[in-house]
Amino acid sequence: MAKTSITQKIRCFTPRGRMRRAPYWLWNICVGAYYGLMTFIWLAYLYWLNNGVPAGSENLDAGLVWWLLALIPGVICSVFLLIQRVHDIGISGWWLLPIWIAVAVIGCFIPLWIPSTIGTLAIGFWPPQAKNNKFGPNVDAKGAFIYRLPEDRKPDPSKAAA
């Protein structure tokens, strides 16, 4: 049996399994707080540049690059959360790719936040499949933050005695 690390068990670091609506929204709040914190740090850095150090363009560019690099973990978590959520709906995560391309094309004509907000709300409120599907069993929302790997499940002692 392979040993798994804790980062493989935390829901936002794996694309496996299904995620119900409530955990999906809880994780989106957490990722949104991360985005907000990184943006606050970046804006504080810009404020510090304007008051303490001459605001040269190389300093501003370095701050922007840092900010974009700091957002990469949040983007990865968001993608994994979306994949788990569409698994709960019964759709493969690969279907997100053409959806993102369509959103980007539509975003050329209207502000990008409009189709992405509509898509997030649709995926977030879409009801799950009531039965088990190929992505996992239909479970309740108790596993909001930890993904239980199949080898982590302990046998039920009542069934072992029978």
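Quick caveat: nothing in here was measured; it's all calculated off a predicted structure.

S.K.: How should the environment of A70 be read in this particular structure?
M.R.: Examined against the element boundaries, A70 turns out to sit in helix α3 (residues 57–89). C-alpha separation for the pair A70 and Y35, spaced 35 residues apart in sequence, amounts to 8.8 Å. When near neighbours in sequence (up to four residues on either side) are disregarded, A70 contacts Y34 and M38.

S.K.: Would you mind going over the pattern of salt bridges with me for this structure?
M.R.: Applying the stated criterion across every chain, the model contains three salt bridges. One salt bridge connects R18 with D88, and the closest N-O pair in it is separated by 2.9 Å. With R18 in the loop between α1 (6–9) and α2 (21–51) and D88 in helix α3, the pair connects residues that are 70 residues apart, well separated along the chain. Taken individually, R18 and D88 each receive the classification buried, so the pair is uniform in this respect.

S.K.: When you look at the packing of aromatic side chains in this model, what are you seeing that I'm missing?
M.R.: Centre distance and the angle of the planes are the two values used to describe a pair of aromatic rings. Scanning the entire structure with this criterion turns up three aromatic pairs. Plain terms: the ring middles of Y24 and W25 are 5.3 Å apart, the flat faces sit at 70° to each other, and that makes the pair edge-to-face. Y24 sits in the buried class, given a relative accessible area of 1%. The class of W25 is partly exposed, set by a relative accessible area of 24%. With a centroid separation of 5.2 Å and an interplanar angle of 40°, the aromatic rings of W25 and F125 are classed as tilted. With W25 in helix α2 and F125 in helix α5 (residues 113–125), this pair connects stretches of sequence that are 100 residues apart. Three or more aromatic residues joined by ring pairs form one cluster here, namely Y24, W25 and F125.

S.K.: Quick question: what am I supposed to make of the nonpolar core here?
M.R.: Here is a general trend for soluble globular proteins: nonpolar side chains tend to be buried in one another's company. Among the nonpolar cores identified, the biggest contains 12 residues, and these are M19, Y24, W27, V31, C77, L81, L82, I83, V86, I89, L96 and I123. For this core, the elements supplying multiple residues, two or more each, are α2 and α3. When residues in this core are grouped by element, the largest group, six residues, is from α3. Excluding anything up to four places from it in sequence, I123 contacts Y24, L82, R85, V86, I89 and L96. In this structure, W42, L46, A70 and L71 belong to the second largest nonpolar core, which totals six residues.

S.K.: Before we go on, may I ask you to explain the confidence of the model for the protein chain in this structure?
M.R.: Detailed reading of the predicted coordinates is not advisable wherever pLDDT falls low. Here the protein chain averages 75 in pLDDT, while 70% of its residues score no lower than 70. Per-element confidence in the protein chain ranges from a low mean pLDDT of 51 for helix α6 (residues 157–161) to a high of 84 for α5.

S.K.: Which parts of the structure should I look at to understand the side chain of H87?
M.R.: Here H87 shows up in helix α3. Setting aside residues no more than four positions away along its own chain, H87 makes contact with P15, G17, R18, S92, G93, N133 and F135.

S.K.: Where do I start with the environment of W27 in this structure?
M.R.: With respect to the secondary-structure elements, W27 resides in helix α2. Residue classification places W27 among the buried positions, given a relative accessible area of 9%. Separated by 54 residues in the primary sequence, W27 and L81 place their C-alpha atoms 7.6 Å from one another.

Rules used in this analysis
Residues numbered from 1 in each chain as written. Predicted model: local features only at pLDDT ≥ 70, side-chain atom pairs only at ≥ 80, totals over all residues. Heavy atoms only, no water. Helix = DSSP H or I, 4+ residues; strand = E, 2+ residues; numbered from the N terminus. Contact = heavy atoms within 4.5 Å. Salt bridge = Lys/Arg side-chain N within 4 Å of Asp/Glu carboxyl O. Buried < 20%, exposed > 50% of the residue type's maximum accessible area, 1.4 Å probe, protein only. Phe/Tyr/Trp six-rings, centres within 6.5 Å; stacked < 30°, edge-to-face > 60°. Core = buried A, V, L, I, M, F, W, Y, C linked by side-chain atoms within 4.5 Å. pLDDT = per-residue confidence, 0-100.

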